[in-house]
Amino acid sequence: MTPLLDHLNAPQLAAVTLPPAHALILAGAGSGKTRVLTTRIAWLISTGQVSPPGVLAVTFTNKAAKEMQSRLAAMLPINVRGMWIGTFHGLCNRLLRAHYRDAGLPQLFQILDSADQQASVKRLLKSLNVDDEKFPPRELCHFINAQKEQGLRAAAVEAWDDWAKKRVALYEAYEAQCQREGVVDFAELLLRSYELLERNEPLRRHYQERFRHVLVDEFQDTNKLQYRWLKLLAGGGAALFCVGDDDQSIYAFRGADVGNMADFEREFKVQNLIRLEQNYRSHGNILDAANAIIKNNPSRLGKNLWTEAGSGEPIRIYESYSDGDEARWIVEEVRALQRDGHTRAEIALLYRSNAQSRALEHALFNAGLPYRVYGGLRFFERAEVKHALAYLRLIANTEDDTAFARVVNFPARGIGARSLENLQDAAKAAGSSLHAAISQVGGKGGTSLAGFAQLIVKLREAAHLPLPELVDHVIELSGLRAHYQNEKEGQERLDNLDELINAAASFVAEEGTPNQDGEITGEFGNDLSSFLAHASLEAGEHQAGEGDDALQLMTVHSAKGLEFNVVFISGLEDGLFPHENAVSPRFGGHLPAQQVGGSQNSMNEDKGLEEERRLMYVAVTRARQRLYLSFAQTRMLHGQTRYNLPSRFVDEVPEELVKWLTPRAGKGGFAVPSAPTFQRTPRRSESSSGSGFRIGQTVMHAKFGLGVIINAEGGGSDARVQVNFGNAGIKWLALSVAKLEAA
Ligand code: ATP
Ligand code: MG
């Protein structure tokens, strides 16, 4: 036996050393699927059964592909760089680059990301004089991609009524435009390389004969076309080796089809079906919690994981009174973990939606803890956030040329490169700012520029608004909100813009200056400029580098396949996780309930909830030793406080596995907006120095009248409360200044 095969259990060893035939490894999280797949490649090569160019391996993310290459490099004395190991998109790109002529593409074809694709569709509609209200670009892109993912070119799409026929015609025109411009979108990468292999027999033969072993990780998340692509490549007698876990299928909203597993077993007459049930990643309590959660999904292939590791620590649950409090608690806990010898890189902070990173980043920044955001940018570096900030900067200072240039034509308002050049020249000649030079530019460009100047005037007129309202107003009036509402994957960007309103609200609450009534509001030139400074500071702080010891922040989707000693899953509230878009058809969003098709019935709702639960299963099974679950009673939404119920997934964790760090949350909920009944969770840092007020208490203010305390921050002389004064609005008050009395 070679050392390669040491430390494999019996079913793993069987899977690694299967004869060259099709195989399906169906196994739960952390059971060694990825390890088996990688070891099999190494074993096949080291025993001379295949040469490195004869292997094709597909992984789900670039990070996973890199990881696989480095693990292989450690096992084999060969150069793994040139091997065909990558994502579907990466491998298709490679194929098309190698055979661009046969694929009918220019040598230097460009790839459109989803924003590019939408811009391209918009341009097309304009050139054809098509009403984009009837055919919103975002939906058209979605339609085109869905067709491509089913392998359908325009000519093959059936259409019965005029509208559907027109839509197909637009699909065709879009294809022609892309072809003319030498660009391909993501779905096209796959379809084009599929067609290339299907039509070009010599080429197909070449690759079919070359790849003797095709191995696929995360097989449960392949879509129909990817499956057909694999079938085509394996059609010449290659052994197809697929590993997957139906319980971790989390991309149905993008067309992934877990049914591919059953199809594969049937169509390829798979004789080798191996199950791995021993988990090597997590301690017993964590695994039991994961098993208990996923058991609530009715449609599963069914399997149960066990571990030899002891039960380990209980799962820690923390209930906070606000999102800010949750973030501060995480910081304290991370510090304690560090004192106990944990490195930051082994601690992951997971969340359901990207926008949630903002509150966490803020707390980490304040605490000076290095962190890295994976699969996305840090909050203040995200394009949409920077756009909104640029408008705010222009309110504070019209001379800010950088901000001006950033948004003068974003969203597009017909100001072309030519007009901008003229403007720059004029500004240079006059030695003035771009804004001041607007009147110097004539013609059509001048008119559009004057329109932009008008917009700035209007925005500046709103500068007296409290900061969060100002931010909201800017997002609206600038057209940013409408712009992203029209974008295919714009929901996440809209969430981030809303989160910027929240950032402004908490900034005012934390650092705003109270006026003589104790009210903390945004005043022009005061809160706005300090907020902008704060944003640049947080953005300017460099993200920890690749090799630095930094906390790992990412969405649950991006955490697939990874593992960490300690995992925090934050924001476990109904509506957030499970996400409201997935379980309720009321909200127009980008998640499954809404994407399955026209009919948004309860079946789709169940499907949405099941996918959310699988996502929770993925999240829980990332942890090796310690798992924290947390939720907040209140969370900022659109700059307003929203009351939440704990996620049902928290309830699905058996009581005996759990240790509550706060008193156990009451069943049946604790908060209604009009009459909050919960008690405020005491914060460690202010243990007994309470303000004398509590959440839910009715109070009297000299100017605003009767109100109810709905939120509180800080302690001692720094204490602030948020009070709902009914008609007088919801206000943050500094207790040291506000004349507030218990009523
Ligand atoms: P996921 O479903 O999350 O992708 P997986 O099934 O791919 O998980 P791996 O990531 O391959 O699981 O393995 C989980 C952990 O268990 C890894 O740290 C791996 O090194 C370890 N492991 C797997 N098999 C064994 C074994 N036989 N002995 C010791 N450790 C093992
Ligand atoms: Mg894996």
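Treat the numbers as computed from the prediction; the structure is a model and nothing was measured. (Residues numbered from 1 in each chain as written. Chains lettered and ligands numbered in written order. Predicted model: local features only at pLDDT ≥ 70, side-chain atom pairs only at ≥ 80, totals over all residues. Heavy atoms only, no water.)

*Asks:* Outline the nonpolar core, supporting the account with residue identities and numerical values.
*Replies:* Of all hydrophobic cores here, the largest spans 49 residues; its most connected members are L389, L392, F452, L467 and L500. Every element with two or more residues in this core is listed here: α15 (383-396), α16 (401-407), α17 (417-430), α18 (443-461), α19 (467-477), α20 (480-485), α21 (491-511) and α22 (527-540). The residues contacting F452, other than those within four sequence positions of it, are Y391, L394, F404, V407, V408, R413 and I415. Core analysis: the next-biggest nonpolar cluster, separate from the first, contains 44 residues, Y251, V567, A619 and V658 among them. (Core = buried A, V, L, I, M, F, W, Y, C linked by side-chain atoms within 4.5 Å. Buried < 20%, exposed > 50% of the residue type's maximum accessible area, 1.4 Å probe, protein only. Helix = DSSP H or I, 4+ residues; strand = E, 2+ residues; numbered from the N terminus. Contact = heavy atoms within 4.5 Å.)

*Asks:* For the packing of aromatic side chains, give the residues involved together with the corresponding values.
*Replies:* The final tally for this structure, using the stated rule, is 20 aromatic pairs. Ring centres of F404 and F452 lie 5.3 Å apart, and the angle between their planes is 80 degrees; this geometry places the pair in the edge-to-face category. You can see F404 sitting in helix α16 and its partner F452 sitting in helix α18, a full 48 residues away along the chain. With a relative accessible area of 0%, F404 lands in the buried category. Linked through ring pairs, F219, Y227, F264 and F268 together constitute an aromatic cluster. One cation-aromatic arrangement involves R94 over W84; the distance from NZ or CZ to the ring centre is 4.4 Å. Stacked on the ring of F143, the Lys or Arg R167 has its end atom at 3.8 Å from the ring centre. (Phe/Tyr/Trp six-rings, centres within 6.5 Å; stacked < 30°, edge-to-face > 60°. Lys NZ or Arg CZ within 6 Å of the ring centre and 35° of its normal.)

*Asks:* Quick one: what's the story with the state of the cysteines, residue by residue and with numbers?
*Replies:* Under the criterion given, the structure shown has 0 disulfides. The structure places no disulfide on C141, whose sulfur is separated from the nearest cysteine sulfur, that of C178, by 9.4 Å. (Disulfide = S-S within 2.5 Å.)

*Asks:* Before we move on, can you summarise the site of ligand 1 with the specific residues and values?
*Replies:* Every one of the 19 residues lining ligand 1 counts as a neighbour, but Q12, K33, Q248, E563 and R622 are closest to it. In the model, an oxygen atom of ligand 1 is placed 3.2 Å from a nitrogen or oxygen of the S31 main chain. In the environment of ligand 1, an oxygen atom lies 2.4 Å from a nitrogen or oxygen atom belonging to the side chain of E563. Across the complex, the protein chains shield 86% of the 640 Å² of accessible surface that ligand 1 would expose by itself. Broken down by class, the residue content of the shell around ligand 1 amounts to 3 nonpolar, 10 polar and 6 charged. The two domains that each donate at least three residues to the shell around ligand 1 are domain 1 (2-99 + 199-278) and domain 3 (315-378 + 543-660). (Near = heavy atom within 4 Å. Polar contact = N/O pair within 3.5 Å; in protein donor to acceptor, adjacent residues only side chain to side chain. Areas by Shrake-Rupley, 256 points an atom, 1.4 Å probe, with all protein chains shown as cover. Nonpolar A, V, L, I, M, F, W, Y, C, P; charged D, E, K, R; others polar. Domains from an automatic or database assignment.)

*Asks:* Got a sec to walk through the sheet that holds strand β8 (residues 272-276)? Specific residues and values, please.
*Replies:* If you trace the 6 strands from one edge of the open sheet to the other, you get β3-β2-β6-β7-β1-β8, paired in parallel fashion. Both edges of this open sheet fall to β3 (84-86) and β8, since each of them pairs with a single strand only. Shown here is a sheet whose adjacent strand axes are inclined to one another by a mean of 10 degrees, direction ignored. Taken together, the 3 bridges between strand β2 (residues 55-58) and β3 define a ladder with parallel strand orientation. Following the sheet pairing, L56 is matched in β3 by W84. This element, helix α3 (residues 62-75), spans β2 and β3 of the sheet and lies at about 135 degrees to β3. (Pairing = 2+ DSSP bridges. Axes fitted to C-alpha atoms, helices over the stretch in contact; angles between N-to-C directions.)

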